[in-house]
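# What the coordinates show
Residue-level listing of the chains:
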Amino acid sequence: MTDSSRTSLAAPWKTPCLIAGLVGAAVCAAGALIQPGQFWPGYLTAFVFWLGVGLGSLGIALLHRLTGGRWGWSVSRPLVAGAETIPVLFLLSLPLALSLPTLYAFGGDDSHSSLNAQQELYFLLPFFFGRAALYFVVWNILSFGVSRAYKRDREHGVTGGGARRAALGLIVFWLLASFAVFDWIMSVDPGWYSTIYGAQHTMGFAVSAFAFAIIVRHFSGRAASEPDARTQDLGSMLLAFNLLWVYFAFSQFFLIWSADLPIENTWYLRRSEGLWAAAAPTLAVVHFVVPFALLLSQDVKAHSRRLAGVAALLLAARLIDLTWCIVPAYDVAGAMTAVYGLAAFIALGGLWLFVFRLRWEKLAILADPVMLPSAKRDSADSLEAV
Amino acid sequence: MTDTHVQSDPSTEPRQTVRSVSQQISAIVLTEGPPRGWWAGFLVSFLLVMLLLVSVGWLFAKGVGIWGINQPVGWGFAIVNFVWWIGIGHAGTLISAILLLFRQEWRTSINRFAEAMTLFAVACAGLFPLLHMGRPQFFFWFIPYPSTTGMWPQFRSPLIWDFFAVGTYATVSLMFWYVGLIPDLATLRDRSRTGRGRIIYGFLAMGWRGSARHWKRYQSAYLLLAGLATPLVISVHTIVSYDFAISILPGWHATVFPPYFVAGAIYSGFAMVLTLSIPLRAVYRLQNFVTDRHLDNMAKVMLASGLVVAYGYLMEHFLAWYGGHQLEEFMLLNRMFGPYAWSYWALIGCNILIPQLLWFKSVRARPLPLFFIAIVINIGMWLERYVIVVTSLHRDFLPSSWGMYEPTFWDWSTYLGTIGLFAALLFLFIRLLPMISIFEMRELVHEHEHSGGASAEAGTS
Amino acid sequence: MKTTQPTAGLLAEFGDTDALIAAARRLHAEGYRQFECYTPFPVEGLAEAMEFRRTRMPLVVLCGALLGLVVGYGLQYWTTVIEYPLNIGGRPLHSWPSFVPVTFELTILTAALFAVLGMLGLNGLPRPHHPLFHIREFSRASSDAYFLWVKSEDPQFHEQTTREALRKLQAQEVWDVPSEP
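The residue numbering used here restarts from 1 in each chain and proceeds along that chain's sequence as written. To label them, take the chains in the order written and letter them from A, then take the ligands in the order written and number them from 1. Restriction of local features to residues with pLDDT of at least 70 applies here, the model being predicted, together with a cutoff of 80 or more for giving and counting side-chain atom pairs; totals for whole chains, interfaces and linings are based on all residues. Calculated side-chain values reflect all of the structure's heavy atoms, with hydrogen atoms and water omitted.

Moving on to the overall build of chain A. The secondary structure listing takes helices from DSSP runs of H or I that are at least 4 residues long and strands from runs of E that are at least 2 residues long, numbered from the N terminus. Assigned secondary structure in chain A consists of 18 helices and 0 strands. Within chain A, contacts between residues at least 6 apart in sequence are counted, and of these 85% link residues at least 24 apart. Approximately 14,700 Å² of chain A is accessible, and the part contributed by carbon and sulfur atoms is 71%. In what follows, a contact means two residues having at least one pair of non-hydrogen atoms within 4.5 Å. Accessible areas in this description were obtained via Shrake-Rupley with a 1.4 Å probe; residue shielding takes into account the shown protein chains only.

Following this line, the structure appears as structure tokens:
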């Protein structure tokens, strides 16, 4: 019954995605063989970016199942489809197993200088791989639960329910995401740590996913061309997610800047050398000032096309942020890292989008939840559902 | 959705009308004499206010030496109580502002009361840094003004940030509360039967008539205030956390502090709202306004914010282990097994373990267990600040400068005194002003009358 | 009711919000502009029926926020860098991260002040005296009654025809509003 939405998402982009993905993958394979030092930081960045879109979708889908609220219904399809891509993200993470000697202090043989005894233990390879496997298994279970609940809602015309399970799922999700950030991102600077880092990047994932979902909604033809309250809700939520990220990121910087302890401030000093010095001011503008100013205005956030523009800007900002967090940790990274990083971004993005599109189509045959009568009063009783 | 406690009407019992709402709520202030419990409660809190006056008078006479603070623990009760009170205040703003922005109608019957709680808690909180300064008569040196000394405040100091944060918070909370009161003051003006009441409420209502254009601007201003109060409330406790976290002291310097302090503030604030509203609704028979559903929702918010606090603890502990930093490790071991271990384990019990009972619907549905859990959380959040302040300070870098902290009688009497001040102000508030927003209740009741059977029908879904 | 006094217009009471909205819409369509509706709570669609759509409140608040932002940061910069430079913990004089908290608080403070004072100012409050306060029944406007006042300044206003019009719009009762002395 929703055939219109099935065809309106500019149909012929599945094959280009696949082709771009395969071509990119070929470039990546070449890079991994010829210049692993230049290649792997780029690949890790691209992987974390797309992982963020998928994981963030899962997290927000769980959050919406817990709290309800009108904002979530209009993007629940892209969010659930995004959550369903976690198996492919697992596959895309497998090449990273080859990267350990290049990327991580614990991956090589001469690692014993920069890690303390606890980190030696925490990063024992079997333990490290075991954790990675656990993360993916649990995320898969959660994404299975989210998509089953979504389908059940559509088939039986109920919206909401299962809030208690969603709450537990969200807790597990958040914990595992935090530790995944420690394992895969924070560890690029051996020895450095910050207690908010897990929450900061998990919130970044949420920004990526919500921005992506807003863009998909815009192109799926579900959105009105006139300003409407539903779109405005999405704009407000995007603003809220992004401000939380800004809040975490600024607090971390501010506290480390104020204390100025050598064990902490190296992270920022390293990231303000050379060209990287431009990254943080750029982030302040494109991740905070511009989206903030735009999303304050109702004329922007209630307008699907303009909101999608802001969301695209935020996705670009996410990529800049992840690049800035990961790549400067590597002295071996150089100009070719940008080339390989772009290739990896296209490769992973193409493959991921291909799978996302397949999952999204599967969900399209179900009714749109906003048409169901019980969704109407959702805003009034969103905490009711447990 | 299968539970039987869901009522057809989101916030009130269905039989209310626009007229009955106006009558029932304004009657508490205008016609009914205070119940006996009010007098008893007010008397006790008034005595505690007297205790506060004595304690503060003695402090002014003798100086901060009457407290237990000394090297190395220079912060003691004053800062613990400051953070505790200001945290409690935050729930009021959250209920008013954030739930308004999220269109959570159930907030309507508790927001006024919670806002008043915010004001009084901030008043209690603001006392402590002033008293702790040693020379409170010079508090105005915080204010940037061209003085004859030619000096200016030190804007790189968290003490100045606190001054601006708490000052802004108190001002904005007061305005938010007062703006919310204006239409209700007009109702009291028009319903009051005494000339004195008409004059006082009439003066405060500023000639409010409820014209359509006025309402439109009013609603716009109120929403904008809510939009401003939301980041404000987060910033206030963030700045309080900066007081600790910009230092280099193990146990204070952690980047997770800002969000985890904010969550802790919400946690203790909702606990305080429950602690107060459960007895109040019983005494004033307000079960039809503050329904079981309100208690249930507040319990859920409490559970969620408590879990964020637990996440903060987990991150601190894990990364102290992971970082392998000797001072960080020692700080945590000292907390867990040092001389103040009792406070650490009591904190874990009060803040993390016992509140897990809130997962059960049957616990959330009963006011009595909920009341006790809320009190436990209040204690737990006080202990959290005690642990952070005292155990971090009492054994720092040099073992030769270690020491112990022991609160004195005056520490306790000042603390109890502020509890009395808080309670006395609340008693006066419920006696003199409508503790539930009348006009928002009218609006809610009207909407449900207007939507006809829709609400009843939706309740069965 | 005396008709000899100079009147400030007519006040009509309506039974419910729907009747009031309908009356407001009709009067506006008939060309009345100087009239005002009074309700005990904000009624959705009423201001729109009177063609009063957008308030200037957001603009007022934005001005307040920008003022606080600029003055707040400027104050700290001027005192710390220019007027009273002092080395604190080896930090630069222009320690911009340290200036963020106070700048933020002052932005919020002035924006909130502008919101409250702007709302009161645009609404013409405080206003202790008002012609409507002389009508006893108007006191129910803050409890459970819905009123509409057609002012005598309105060029369309004519006592007889306006009264007729209000009656036709199902006003339950109509009073003369005495003009303020």
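Just to be clear on terms, a salt bridge is a Lys or Arg side-chain nitrogen sitting within 4 Å of an Asp or Glu carboxyl oxygen. Scanning all chains against the criterion turns up 18 salt bridges over all chains. Salt-bridge contacts for Asp 296 of chain B lead to Arg 364 of chain B; the nearest nitrogen and oxygen are separated by 2.7 Å. Of this pair, Asp 296 of chain B sits in helix H9 (residues 292–323) while Arg 364 of chain B sits in helix H12 (residues 361–364), and the two are 68 residues apart along the sequence. No difference in accessibility class separates Asp 296 of chain B from Arg 364 of chain B, as the two residues are buried. Here Arg 26 of chain C and Glu 30 of chain C are joined by a salt bridge, their closest N and O atoms 3.3 Å apart. Take Arg 26 of chain C: its relative accessible area is 45%, and that puts it in the partly exposed class. Accessibility here uses a 1.4 Å probe with only protein chains present; expressed as a share of the type maximum, an area under 20% marks a residue as buried, one over 50% as exposed, and anything in between as partly exposed. Overall, the relative accessible area of 33% leaves Glu 30 of chain C in the partly exposed class. Each of Asp 296, Lys 300, Lys 361 and Arg 364 of chain B takes part in a single network of salt bridges with overlapping partners.

Reports often express the size of an interface as the amount of accessible area lost when the parts come together. Taken together, the contact between chain C and chain B spans 63 residues of the former and 54 residues of the latter. Once two parts are brought into contact, the accessible area they lose, counted with a 1.4 Å probe and summed over both, makes up the buried area. With both chains or domains summed, chain C and chain B bury close to 5,400 Å², and 68% of this area falls on carbon and sulfur atoms. Among the residues chain C hides against chain B, the three largest losses belong to Phe 41, Pro 42 and Glu 105 of chain C. Together they make up 12% of the total. Between the two partners, chain C and chain B, sit 2 salt bridges. We note a salt bridge from Glu 48 of chain C to Lys 216 of chain B, for which the minimum N-O separation is 2.5 Å. Counting of polar contacts relies on pairs of N or O atoms within 3.5 Å, with two restrictions inside protein: one atom must be capable of donating a hydrogen and the other of accepting it, and residues adjacent in sequence are counted only when both atoms are side-chain atoms. Our count for the contact surface shared by chain C and chain B stands at 23 residue pairs in polar contact (both at pLDDT 80 or more).

What follows is about the nonpolar core. Core analysis: the largest hydrophobic core is formed by 296 residues, its most contacted members being Trp 139, Trp 184 and Phe 210 of chain A together with Phe 422 and Phe 429 of chain B. A per-element tally of this core places helix H3 (residues 76–101) of chain B first, with 17 residues. Among the nonpolar cores identified, the runner-up in size contains 27 residues, and Leu 10, Phe 14, Phe 41 and Val 43 of chain C belong to it. Throughout, nonpolar core names a set of buried Ala, Val, Leu, Ile, Met, Phe, Trp, Tyr and Cys residues whose side chains join them through atoms within 4.5 Å.

Next up on the list: the confidence of the model for chain A. Low pLDDT marks regions whose predicted coordinates should not be analysed in detail. Residue and element names in this part refer to chain A. Confidence along chain A averages 84 in pLDDT terms, with 87% of residues attaining 70 or more. Predicted confidence for residues 1–8 stays below pLDDT 50, and this span has 14 contacts to residues more than four positions away or in other chains. For residues 369–386, every residue scores under 50 in pLDDT, and the model assigns this stretch 52 contacts once sequence neighbours within four places are set aside. The predictor's confidence in any single residue is recorded as pLDDT, a number from 0 to 100.

Bringing the packing of helix H7 (residues 212–245) of chain B against helix H3 (residues 57–83) of chain C into the picture now. Taken N-terminus to C-terminus, the directions of H7 of chain B and H3 of chain C make an angle of 35 degrees; their axes are 9 Å apart at the nearest point. Seen from above, H7 of chain B lies across H3 of chain C with right-handed handedness. From H7 of chain B, Arg 217, Ser 220, Ala 221, Leu 224 and Leu 228 of chain B reach across to H3 of chain C, where they touch Met 57, Pro 58 and Val 61 of chain C. The nonpolar class holds Ala, Val, Leu, Ile, Met, Phe, Trp, Tyr, Cys and Pro. Asp, Glu, Lys and Arg form the charged class, and all remaining residues, Gly among them, are polar. Here the residues of the contact of H7 of chain B with H3 of chain C sort into 6 nonpolar, 1 polar and 1 charged. Here an axis means a line fitted to C-alpha atoms, over the contact stretch when the element is a helix, while the angle between two N-to-C directions is reported on a 0 to 180 degree scale. When the near helix sits turned anticlockwise from the far one by under a right angle, the crossing is termed left-handed; a clockwise turn instead gives a right-handed crossing.

What follows covers the sheet that holds strand S4 (residues 173–178) of chain C. Residue and element names in this part refer to chain C. The strand order across the open sheet formed by 4 strands is S2-S3-S1-S4, and the pairing between neighbours is antiparallel. At either end of the open sheet lies a strand with only one pairing partner, and these are strand S2 (35–38) and S4. Taking the axes of each pair of neighbouring strands and ignoring which way they run, one obtains an average angle of 20 degrees across the sheet. Two strands qualify as a pair provided that DSSP identifies no fewer than 2 bridges between them. Strand direction decides the pairing type here: strand S1 (residues 7–14) and S4, joined by 6 bridges, are antiparallel. Paired with Gly 9 across the two strands is Val 177, which belongs to S4. Along the sheet face, helix H5 (residues 159–168) touches S1, strand S3 (146–151) and S4 and points at about 10 degrees away from the line of S1.

All names here are of chain C. Taking burial as the measure, the 6 residues of S3 include 5 buried ones, the bulk of the element. Here S1 pairs with S3 via 6 bridges, running antiparallel. Residue pairing in the sheet places Gly 9 in a bridge with Lys 151 of S3. For S2 and S3, the ladder comprises 4 bridges, and the chain directions are antiparallel. When the sheet's bridge partners are listed, Glu 36 is paired in S3 with Trp 149.

A few words on unusual backbone geometry. The omega angle of the peptide bond from Gln 71 of chain B to Pro 72 of chain B is 0 degrees, so this bond is cis rather than trans. Structurally, Pro 72 of chain B is set in the loop between helix H2 (36–62) and H3. Pro 126 of chain C follows Leu 125 of chain C through a cis peptide bond whose omega is 0 degrees. Residue placement: Pro 126 of chain C occurs in the loop between helix H4 (96–122) and S3. Residue Asp 260 of chain A is not a glycine yet carries a positive backbone phi of 55 degrees. Among the structural elements, Asp 260 of chain A can be located in the loop between helix H12 (229–259) and helix H13 (262–270). A positive phi is found at Met 206 of chain B, a non-glycine position, where the angle reads about 55 degrees. The topology assignment puts Met 206 of chain B in the loop between helix H6 (195–205) and H7.

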